[in-house]
Structure formats: structure tokens, C-alpha cells
Amino acid sequence: MRAQAGQSLSVTQLAALGAVSRHGALTPGELAEHEKVQPPSMTRVIAALEERGLLTRSPHPTDRRQVILSVTEEGEKLLKEERRRKEAWLAQRLAELTPEEREILRQAAPILERLSKV
């Protein structure tokens, strides 16, 4: 499904934007931690997202050295469209399977979910 990500953002940028959307306002360090990348790498991702108007920075309420990242309305629209596109792709692929193959996937889903949380 990652291959279905839009060409407008890199996979890393899309993941970072999604993380801020899911977890709410984060500091750059918290975002880097969530995404398991080094802070300097995340700084470049944040700059690209901010330049495109998808993220905003605001002052941290208690630590003047920090900023808080938030997803803009445009960023939320982009995420919604990406989800819609991926869901449509998956629905099409599932429709191409036989009923037996879909049943096997349904039975495997709990195992795959458990594995993804490790």
C-alpha cells in the first residue's frame, strides 16, 4: 500500500504528517521518536512539510526553546485524500481475489495485527 502513496510527498513525509495528525501537537523531538528517526533527519522532513503549508510551528507553552507542530487544514485534506486512495486500491485488490482467498485473509487478520504490534 505504501507504493500507492501519492507522488506529492515522500513516504517519510507522509508518515510524519500522519503521526502529527494521529497524536496531536508534538515537538520535533517527539515526532522523531514516534517515527524512529534521528532529529536532524526529522528537521528536514518538517521543513519540507512546513514549506508546503501542511504543518505549522507554534511556540511551546512552557519551553521557549521548543516549538509545537500541528497539521494544517490543507495537511488534513491531503491525508484524507491519501487514505481514500489507499482504501480504493485495497478494495479493488480484494475484489480481484476469490471468496476462498478473502476468507483466508479474514482468518489471518488477527495474526497479522498481533505481529504488527511487536
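Residues numbered from 1 in each chain as written. Predicted model: local features only at pLDDT ≥ 70, side-chain atom pairs only at ≥ 80, totals over all residues. Heavy atoms only, no water.

Peer 1: Outline helix α5 (residues 99–116), supporting the account with residue identities and numerical values.
Peer 2: Each turn of an α-helix holds 3.6 residues, which means side chains three or four residues apart point in the same direction. With 18 residues, α5 should cover 26 Å at 1.5 Å per step; its first-to-last C-alpha distance of 25 Å lies within 8% of that length. At A108, α5 shows its largest bend, some 40 degrees, and a proline, P110, comes one to four positions later. (Helix = DSSP H or I, 4+ residues; strand = E, 2+ residues; numbered from the N terminus. Expected span 1.5 Å × (residues − 1). Bend = angle between axes of the 7 residues up to and from the residue.)

Peer 1: Can you tell me about the side chain of T72, naming the residues and giving the values?
Peer 2: Here T72 shows up in the loop between β2 (67–71) and α4 (73–95). A distance of 2.6 Å separates the side chain of T72 from the backbone oxygen of G53, its partner in a polar contact. Among all residues touching T72, those that are not within four sequence positions of it are G53, L54, L55 and T56. (Polar contact = N/O pair within 3.5 Å; in protein donor to acceptor, adjacent residues only side chain to side chain. Contact = heavy atoms within 4.5 Å.)

Peer 1: Help me get a handle on the environment of S58, residues and values and all.
Peer 2: Relative to the helices and strands, S58 resides in strand β1 (residues 55–59). Accessibility expressed as a relative area gives 30% for S58, which makes it partly exposed. C-alpha separation for the pair S58 and R84, spaced 26 residues apart in sequence, amounts to 29 Å. S58 has contacts with V67 and I68, leaving out every residue within four places of it along the chain. (Buried < 20%, exposed > 50% of the residue type's maximum accessible area, 1.4 Å probe, protein only.)

Peer 1: Any chance you could break down the packing of helix α1 (residues 11–23) against helix α3 (residues 39–51) for me, citing the residues and the numbers?
Peer 2: Across the interface, α1 lies against α3 with an axial gap of 10 Å and an inter-helix angle of 80 degrees. With respect to α3, the element α1 is oriented roughly perpendicular. For the pair formed by α1 and α3, the contact residues are T12, Q13, A16 and L17 on the first element and M42, V45, A48 and L49 on the second. Of the residues assigned to the contact of α1 with α3, the class counts are six nonpolar, two polar and no charged. (Axes fitted to C-alpha atoms, helices over the stretch in contact; angles between N-to-C directions. Parallel < 35°, antiparallel > 145°, perpendicular 65-115°, else oblique. Nonpolar A, V, L, I, M, F, W, Y, C, P; charged D, E, K, R; others polar.)

Peer 1: Account for α3, naming residues and giving values.
Peer 2: With 13 residues, α3 ought to run about 18 Å at 1.5 Å a step, and its terminal C-alpha atoms sit 18 Å apart, in line with that. Residues of α3 that are buried: M42, V45, I46 and L49. Each buried residue of α3 lies within a common arc of 100 degrees when the element is viewed along its axis, so the set occupies one face. Pointing more than 90 degrees away from the buried face of α3 are the exposed residues P40, R44 and E51. Considering only its buried residues, α3 is in contact with α1, α2 (28–35), β1 and β2. (Arc of directions from axis to C-beta.)

Peer 1: Run through the environment of I68, naming residues and quoting values.
Peer 2: With respect to the helices and strands, I68 occurs in strand β2. The exposure class of I68 is buried, given its relative accessible area of 14%. With near-sequence residues (within four places) excluded, I68 lies in contact with A25, L26, T27, T56, R57, S58, P59, H60 and P61.

Peer 1: So what's going on with the nonpolar core? Which residues, and what values?
Peer 2: The nonpolar side chains of a soluble globular protein tend to be buried with one another. Of all hydrophobic cores here, the largest spans 19 residues; its most connected members are L9, L17, L31, M42, L49 and L55. Considering each element in turn, this core owes the most residues, five residues, to α1. Discounting chain neighbours no more than four positions away, the residues touching L31 are A16, A19, V20, L26, M42, I46 and L69. (Core = buried A, V, L, I, M, F, W, Y, C linked by side-chain atoms within 4.5 Å.)

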